[in-house]
Amino acid sequence: MNFLGLLMVLIGVGLLTFVPHFFAIQFFWKSVIKPISKTVKHAFIVGVAVCLVGTFYVGYQYNQAITEIQSAQISNYENLEKSFLNEKILGMHFIYHTKFCEFDGWRPPIHEPILVLGMWMNGGADPLNISLEERIELYKTHYPENKIKFDCSCAHMYASTYHNEPLLK
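Computed from a predicted model, the values in this text were never measured in an experiment.

Undergrad: Can you walk me through the overall build of the protein in this structure?
TA: Each helix and strand in the protein was counted, giving seven helices and two strands. The order of helices and strands in the protein, counted from the N terminus, is α-α-α-α-β-β-α-α-α. Looking at the protein residue by residue over its 169 residues, the buried ones come to 32%. For the protein, the proportion of contacts with a sequence separation of at least 24, taken over those separated by at least 6, is 53%.

The following block contains the structure:
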């Protein structure tokens, strides 16, 4: 995105890409380099530290969930424990959005930031290399009390396809 913004500077609209960078640099400058008081500097550092600790904790928990799912794969997922992240990982791509997909609009707009953050911290790959049909069946097996089909879809164009999808029945 930054490279594209740099190219678009030539036609005059690329500077808009760098507005968030400007605010981030200005915020850092006024909070750390030239703070109004030591309290501002300490608050900034504590806030950043809390965010980093939380990010690494989510990454660690996601890694643990991946390890557990991969070890359960050997026994055909029979000894897979129910947990928050296991449910989110099994529900990827048909319940939870994790990244841009050209088929967005087919599924409901459920976004789980912890799932996305865990993916970023662990290489961004899907830990389950199985088809959508197998994933839905696995999710139904382990979380039968959870809905897999919702009353909405993201876009009008794909709404009829989503609501009549045989996989989700």
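Undergrad: Help me understand the side chain of Glu 87, please; the structure alone is not making it clear to me.
TA: Its place among the elements puts Glu 87 in helix α4 (residues 84-90). Judged by relative accessible area, Glu 87 falls into the buried class, the value being 8%. In this structure the side chain of Glu 87 is engaged in a polar contact, spanning 3.2 Å, whose partner is the side chain of Lys 88. Other than its neighbours up to four places away in sequence, Glu 87 contacts Tyr 96, Tyr 139, Tyr 143 and Asn 146.

Undergrad: When you look at the environment of Leu 90 in this model, what are you seeing that I'm missing?
TA: With respect to the helices and strands, Leu 90 occurs in helix α4. With 50 residues separating them in the primary sequence, Leu 90 and Lys 140 have C-alpha atoms 9.5 Å apart. Each residue touching Leu 90, except ones within four places of it in the same chain, is listed here: Leu 80, Leu 128, Arg 135, Leu 138, Tyr 139, His 142 and Tyr 143.

Undergrad: Would you mind showing me how to read the nonpolar core here?
TA: One broad rule of soluble globular proteins: the nonpolar side chains tend to lie buried together. In this structure, Tyr 62 and Ile 89 are the most contacted members of the largest nonpolar core, which totals 24 residues. Residue assignment for this core shows that the elements contributing at least two residues are α3 (38-74), α4, α5 (113-121) and α6 (132-142). Apart from the residues lying within four places of it in its own chain, the contact partners of Tyr 62 are Leu 85, Ile 89, Met 92, Leu 115, Gly 118, Met 119, Asn 122, Ala 125 and Pro 127.

Undergrad: Can you help me understand the packing of aromatic side chains in this one?
TA: Two aromatic rings, taken as a pair, are described by how far apart their centres are and by the angle between their planes. A full pass over the atoms with the stated rule returns five aromatic pairs. The interplanar angle of 55 degrees and the centroid separation of 5.7 Å between the aromatic rings of Phe 22 and Phe 23 together place this pair among those described as tilted. With a centroid separation of 6.0 Å and an interplanar angle of 70 degrees, the aromatic rings of Phe 28 and Phe 44 are classed as edge-to-face. Pair noted here: Phe 28 is in helix α2 (residues 19-33) and Phe 44 is in helix α3, with a separation of 16 residues, a long-range link. Assessed through its relative accessible area of 40%, Phe 28 is described here as partly exposed. Through successive ring pairs, a cluster of aromatic residues spans Phe 27, Phe 28 and Phe 44.

Undergrad: Would you mind going over the pattern of salt bridges with me for this structure?
TA: Note that side chains of opposite charge can pair when their charged atoms are close. One pass over the full model with this rule turns up four salt bridges. Among the ionic pairs, Lys 82 bridges to Glu 145, the shortest N-O distance being 3.4 Å. Of this pair, Lys 82 sits in the loop between α3 and α4 while Glu 145 is found in the loop between α6 and α7 (156-163), placing the two residues 63 residues apart along the sequence. When sorted by exposure, Lys 82 lands in the same class as Glu 145, which is exposed. A single network of salt bridges, built from pairs that share partners, joins Glu 87, Lys 88 and Glu 112.

Undergrad: Please explain α3 as it appears in this structure.
TA: Side chains of residues three or four places apart in an α-helix project in the same direction, reflecting 3.6 residues per turn. Taking 1.5 Å per residue, 37 residues should reach 54 Å; α3 reaches 55 Å between its end C-alpha atoms and fits that length. All buried positions along α3 are accounted for by Phe 44, Thr 55, Val 58, Gly 59, Tyr 62, Ala 65, Ile 66, Ile 69 and Ala 72.

Undergrad: Which parts of the structure should I look at to understand the packing of α2 against α3?
TA: Think of two packed helices as two axes; the pair is described by the angle between the axes and how far apart they sit. Contact pair α2 / α3: the axes reach a minimum separation of 7 Å and the direction vectors enclose 120 degrees. With respect to α3, the axis of α2 lies oblique. Residue-level contacts link Phe 27, Phe 28, Lys 30, Ser 31 and Val 32 of α2 to Val 40, Lys 41 and Phe 44 of α3. In terms of residue class, the contact of α2 with α3 is built from five nonpolar, one polar and two charged.

What counts, and at which threshold
- Residues numbered from 1 in each chain as written.
- Predicted model: local features only at pLDDT ≥ 70, side-chain atom pairs only at ≥ 80, totals over all residues.
- Heavy atoms only, no water.
- Helix = DSSP H or I, 4+ residues; strand = E, 2+ residues; numbered from the N terminus.
- Buried < 20%, exposed > 50% of the residue type's maximum accessible area, 1.4 Å probe, protein only.
- Contact = heavy atoms within 4.5 Å.
- Polar contact = N/O pair within 3.5 Å; in protein donor to acceptor, adjacent residues only side chain to side chain.
- Core = buried A, V, L, I, M, F, W, Y, C linked by side-chain atoms within 4.5 Å.
- Phe/Tyr/Trp six-rings, centres within 6.5 Å; stacked < 30°, edge-to-face > 60°.
- Salt bridge = Lys/Arg side-chain N within 4 Å of Asp/Glu carboxyl O.
- Expected span 1.5 Å × (residues − 1).
- Axes fitted to C-alpha atoms, helices over the stretch in contact; angles between N-to-C directions.
- Parallel < 35°, antiparallel > 145°, perpendicular 65-115°, else oblique.
- Nonpolar A, V, L, I, M, F, W, Y, C, P; charged D, E, K, R; others polar.

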